[in-house]
Amino acid sequence: MGKRSLLLAVVVILTAMGSAFADGMLIPGPVSHIIPDEPYFTVKYHHVKCDINDQVATTYVDQVFINESRREMEATYIFPLPAGAVVQKFTLHADGKEITARLLDKDDAQRIYEDIVRRRKDPAILTYAGEGMYQARIYPIPAGGERRIEIRYTELLHADSGLIGYVYPLSPEGLSHRPIESVVFIADIHARQPVGSVYSPSHDIAVNKLTDRHVRISYEEKNTLPDRDILLYYNVAQDPIGLSVITFKEPGKDGFYLLLAAPTVEQATEEVVSKNICFVLDTSGSMSGQKIEQAKDALTFCVNSLNPQDRFDIVAFSDSIVEFAGELVPADANWVSEARKFISRFEARGGTDIDTALRTALQRRLSGQVNYLCFLTDGEPTVGETNNAQIVKNTAEEAAKVSGTTRLFVFGVGYDVNTNLLDKLAQDNGGLTTYVRPSEDIEVKVSSFFAKIARPLLTQINIAYGSAETYDTFPRQLPDLFHGSQLEVFGRYKAASAGRTTITLNGGTAAGSKTFELSCDLPEKRTNTDYIATLWASRKIGYLLDQIRLHGESKELVDEIVKLSMEYGILTEYTAFLADEDKAVTVEEASGRAGRIMDRAYAAPKGAGATSRAQNAQVMQQQKNAAATNTYLDAEGERRRIANVRNVGQRGYIQRAGRWEDTRYQPDQKVELQVLAYSEAYFQLSRAFPQVNSQLAVGDKVLIMLNGRLIEIGDEGKTKLTAEELKTLGSAQTTPGQGRLDRTQPELTHQPRNRARLLLFALAGLLAAGLLRRRRS
């Protein structure tokens, strides 16, 4: 028979409103006889398109599987199905064979999940235990053949504290036999009110605000084996900056929070704050050749990008100072044209007088206004004041003479810059450092950065948390909020201050000072957002590393870095050795070794390695998602992933001698329970404590912690547990879906209109199913 597309419409209506679907998996063999040793099918591509309309999300999934074996295969397609979803379409492009598919409830699905794990000895699938399943038998799949599967489903998204969450579980594609050629995820958000903050703690997404009420999100990767689900949060703005909060808290412990703020498109257009900006460019002899030409092009771009209400000046320096206007001038067509002519005459010659250049530029500020300095250099000071500490002091004294916002943005070009000097100048003056490696284009780096800060909307930001007692907030100094940017503040709150509070954010706008308020709950318990704890820990580690790098080593700071690394499983270039040890080490041993590594590394503030160390600390302090966790830039600027370490939620696991161990494990701790992998006792743990499923999925030999108790899963141990033994392990958690990182959404905000809309989808599906049965009869 010729090839044709078989359309199987399946409609499922379940009473509870749950989290997002998982994508499908193709398991070798029929469900009654899963083949243990056959490799998984290869996923050729995985494309996802999602449309979200007023909290109703319709997701279309398009996958192609390849049978790379040398024989014809039968397979079982399983689609983990949480509660509350409506499948609108299932299409298999096959060879004219009848496809039988069935919906299984979570109990039947649980038995199949466990059977697959038991037969294939692959614990990764345990992360879906506790969910329903949509199952189809696919036969035949010829040797070298492909099968394309398409699914479309609809769900009602949850809202909590004004934030709406969407999960697309992409991690099952890690079960592909080979890396996937193409992974594409596109989501369009349509809302009746302006969309404010859009945030993903899992992936580096591109966010394009097409209009106030239409936002497009995209993520694309090639030749990859995904290991994380895609998690999105967004809010419908109740104010012009879309203020919102996400929290994480374990009972009895201090909580974590993430505060988000992002301007709406309308505000970005109408309320740009005027700024005074002075460009400070190094034209010394070391800038000759391609560097000076790229720098001139970059500065020309910046001048052309000034807003009409801005004022500016330019200071070029070598062993002498050359000023453009000698004062701030308006960014009108005449002055911008003259500035382009001034820039075109730059030549690279002479020494480097950084101190005089910065003090001259700082004198161009106006009191009580927004003042920015963009400073670019490729070397150390060689003329005038050459002592780095004195330059930092002189700059601080000059900056203090004028009130208002002063931010110094620094660009370090090449490997001859002193990273400690540049970073101190930027951090002490509310700015950032951007490093341009010899292989990178100065114009691209500077132009890209300036485009981000060209239109400030909210400056001199202050945040108060009402009755809540907060601490360890990062970033320490709040940045300004620009068009197209988003403010992300991580911090802790005391357990005793959990409850209702009002968060107040104040800042300067084009119309004067404005205050925005958000009434929210800092809960006593919320455990399905543990990524916030990990990202907070990463930011704190980056901050502490910078304190040591710029101000000298302190044993207390090194100890704190090591404790955080072991508590949250976040390793850096200074603690990566923990993943290479044959056995666990104590905090004291790890601190001593990490301190010695830092001493050697920080002795050289110049060179390729120094640039990488500065960038690594900066990346950690700005980390907003899990993509960069346990990675670092090496001396050549290549991003390296630390081997033998995995992260599950807020925990890390290191593989030692074939066994995965919780990074919190200390050598003096005793194992309280040994369980034989894939035995009945193993699955008893999975059923009674679904929150450990993500830990069990790390490997078949793993040392996990459950309610403070150490449990070893391996080749020997108990094969069955008594009810009393399960009871001693702690209160069993019965909430389904907790085994998957970030699967469970917060409680649903009652939205009658959206519930009715989903019922209409369901009714349409039932009618379609009825017509299908009538045709078959």
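Each remark here, short or long, concerns the structure printed above.
Cut-offs applied
Residue positions within a chain follow its written sequence, with the count starting from 1. Predicted model: local features are reported for residues with pLDDT of at least 70 only, side-chain atom pairs are reported and counted for 80 or more only, and whole-chain, interface and lining totals are derived from all residues. Just so you know, side-chain values use all the structure's heavy atoms and leave hydrogens and water out. The axes used here are C-alpha line fits, helices contributing only the stretch in contact, and every angle between their N-to-C directions lies in the interval 0 to 180 degrees. Secondary structure elements are taken from DSSP: a helix is a run of H or I of four residues or more, a strand is a run of E of two residues or more, and numbering for both begins at the N terminus. Throughout this description, any angle smaller than 35 degrees is read as roughly parallel, any larger than 145 degrees as roughly antiparallel, any in the 65 to 115 degree range as roughly perpendicular, and the remainder as oblique. In this scheme, a crossing is called left-handed if the near helix is turned counterclockwise away from the far one by less than a right angle; it is called right-handed if the turn is clockwise. Contact definition: two residues touch when any of their heavy atoms are within 4.5 Å. Residues were grouped as follows: Ala, Val, Leu, Ile, Met, Phe, Trp, Tyr, Cys and Pro as nonpolar; Asp, Glu, Lys and Arg as charged; and all remaining residues, including Gly, as polar. By salt bridge we mean one thing: a side-chain nitrogen of Lys or Arg within 4 Å of a carboxyl oxygen of Asp or Glu. Think of it in three bands: with a 1.4 Å probe and only protein chains considered, a residue is buried below 20% of the maximum accessible area for its type, exposed above 50%, and partly exposed in between. Whether two strands pair comes down to DSSP finding at least two bridges between them.

Caption draft 1: Seen up close, the packing of helix 6 (residues 388-399) against helix 7 (residues 419-428). For the pair helix 6 and helix 7, interaxial distance at closest approach is 10 Å and the crossing angle is 15 degrees. With respect to each other, helix 6 and helix 7 are oriented roughly parallel. Between helix 6 and helix 7 lies a crossing of right-handed hand. For the pair helix 6 and helix 7, contact is made by Asn-388, Ile-391, Val-392 and Thr-395 and by Leu-421, Lys-424, Leu-425 and Asp-428, respectively. When grouped by side-chain class, the residues that make up the contact of helix 6 with helix 7 number four nonpolar, two polar and two charged.

Caption draft 2: Main features of the pattern of salt bridges. The final tally for this structure, using the stated rule, is 49 salt bridges. Asp-108 is the partner of Arg-111 in a salt bridge, and the nearest nitrogen-oxygen pair spans 2.0 Å. Of the two residues, Arg-111 and Asp-108 both sit in helix 1 (residues 106-120), three residues apart, roughly one turn of that helix. Taking the shortest distance from any N to any O, the salt bridge between Glu-488 and Arg-539 comes out at 3.7 Å. Taken together, the residues span a long stretch of sequence, with Glu-488 in strand 29 (residues 487-493) and Arg-539 in helix 9 (residues 531-551) at a distance of 51 residues. When its relative accessible area of 8% is taken as the criterion, Glu-488 is described as buried.

Caption draft 3: Highlighting the sheet that holds strand 38 (residues 702-706). Strand order across the open sheet formed by six strands is 34-35-36-38-39-37, with mixed pairing between neighbours. Of all the strands in the sheet, just strand 34 (645-648) and strand 37 (673-676) have a single pairing partner and so form its edges. Each strand of the sheet is rotated relative to its neighbour by a mean of 30 degrees, with strand direction disregarded. Here strand 36 (residues 659-662) runs beside strand 38; their pairing, made up of two bridges, is parallel. For Trp-660, the partnering residue across the bridge sits in strand 38 and is Val-702. Across the face of the sheet, helix 13 (residues 680-688) comes into contact with strand 37, strand 38 and strand 39 (709-714) while running at roughly 110 degrees to strand 37.

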